[in-house]
Amino acid sequence: MAGVVGNGAQVSFISQDCKEIPEFLGRKYGGIAKRLDLSFNLLRSLEGLKAFSCLEELILDNNLLRNDLQLPRLPHLHTLMLNKNQISYLECLLDHLADVVPSLEYLSLLGNMACPNELVSKDKDEDDYQRYRYFVLHKLTNLKFLDTRKVTKWEREEALLRGAFMKVVKPMDAKASSSDTASVSPETHYTPLPSGSRDLTNHRGVLGKCRYIYYGKHSEGNRFIRDDQL
């Protein structure tokens, strides 16, 4: 059990390069642990958390957790740290958290692509981050603290009014989009001429008959006819 640090209801298993939660942790500490720190590992699965039914705080910073992250139902969990993982799809994660951790009040996602700030991308700014906060608060209405900042009353009101519309959608790559459009609907040039006459090397005239002939004295042609010819 090297690497495990237990102090009453607090358990730490840090920097052990484990890809999954060892079974012995659950057997020994699952029934008593209220705070579990699994930072700086190589975790891709959280299957072993099923044994920790009493957890109130869970720290999973600096792992390899992705969009397929699955937590067991943890009704008492109020603090969740997921900083510096590989999570990019925000909405999927938030829907999952709303379902399995209904008491969540403190959440941190810094260092993930799903959290748009300068830690992950230089082209993100404070406006991008604020929209992200509104969307998270719209999904997780009980949050009191998000990332490094306390949730304000004003943010909560804005999230209630506009949070559903703050979802960030990544635009399709312009090159890929134009390629797809060209393959689906090839560019065509409209012309009123028959298809057979569009070839510049093949000129053909078109003959026809007119059913109506104007013989009135106001005809434009009458201006060139002398009176003795009428």
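Residue indices follow the written sequence of each chain, beginning from 1 at its first position. Local features are withheld for residues below a pLDDT of 70 in this predicted model, meaning they are given only at 70 or higher, and side-chain atom pairs are given and counted only at 80 or more; totals for whole chains, interfaces and linings count all residues. Note that water and hydrogens are dropped before the side-chain values are worked out from all heavy atoms of the structure.

Caption draft 1: Representation of the packing of helix H2 (residues 90-100) against helix H3 (residues 126-139) in the model. Helix axes are fitted to C-alpha atoms over the stretch in contact, other axes to C-alpha atoms as well, and angles between N-to-C directions run from 0 to 180 degrees. Numbering of helices and strands runs from the N terminus, with a helix taken as a DSSP run of H or I at least four residues long and a strand as a DSSP run of E at least two residues long. Between H2 and H3, the shortest axis-to-axis distance is 9 Å and the interhelical angle comes to 30°. Comparing the axis directions of H2 and H3 gives the class roughly parallel. Judged by the twist between their axes, the crossing of H2 over H3 is right-handed. Between H2 and H3, the residues in contact are Leu90, Glu91, Leu94, Asp95 and Ala98 and Tyr132, Phe135, Val136 and Lys139, respectively. Of the residues in the contact of H2 with H3, the class split is 6 nonpolar, no polar and 3 charged. Here the word oblique covers every angle except those under 35 degrees (roughly parallel), over 145 (roughly antiparallel) and from 65 to 115 (roughly perpendicular). If you view the pair so one helix is near and one far, a crossing is left-handed when the near helix is turned anticlockwise from the far one by less than a right angle, and right-handed when it is turned clockwise. Residue contacts are defined here by distance: any two heavy atoms, one from each residue, within 4.5 Å place the two residues in contact. Residues are grouped as follows: Ala, Val, Leu, Ile, Met, Phe, Trp, Tyr, Cys and Pro are nonpolar; Asp, Glu, Lys and Arg are charged; all remaining types, including Gly, are polar.

Caption draft 2: Examining the nonpolar core more closely. As used here, the term nonpolar core means buried Ala, Val, Leu, Ile, Met, Phe, Trp, Tyr and Cys residues forming a set that is joined through side-chain atoms within 4.5 Å. For every residue, the accessible area obtained with a 1.4 Å probe (protein chains only) is divided by the maximum for its type, and the residue is called buried under 20%, exposed over 50%, and partly exposed between those limits. Among the nonpolar cores identified, the biggest contains 49 residues, and Leu80 and Leu107 are the most heavily contacted of them. Only strand E2 (10-13), helix H1 (23-29), H2 and H3 provide two or more residues apiece to this core. Take this core: its biggest share by element is 6 residues, from H3. Other than its neighbours up to four places away in sequence, leucine 107 contacts Leu80, Leu94, Leu97, Val136, Leu140, Leu143, Phe145, Leu146 and Asp147.

Caption draft 3: Spotlight on the packing of H3 against helix H4 (residues 153-162). Close contact between H3 and H4 brings their axes to 8 Å; oriented N to C, the two are set at 75°. On the basis of the axis angle, H3 is roughly perpendicular to H4. Along its contact with H3, which presents Gln130, Arg133, Tyr134, Leu137 and His138, the element H4 presents Trp154, Glu155, Glu158 and Ala159. Counted by class, the contact of H3 with H4 contains 4 nonpolar, 2 polar and 3 charged residues.

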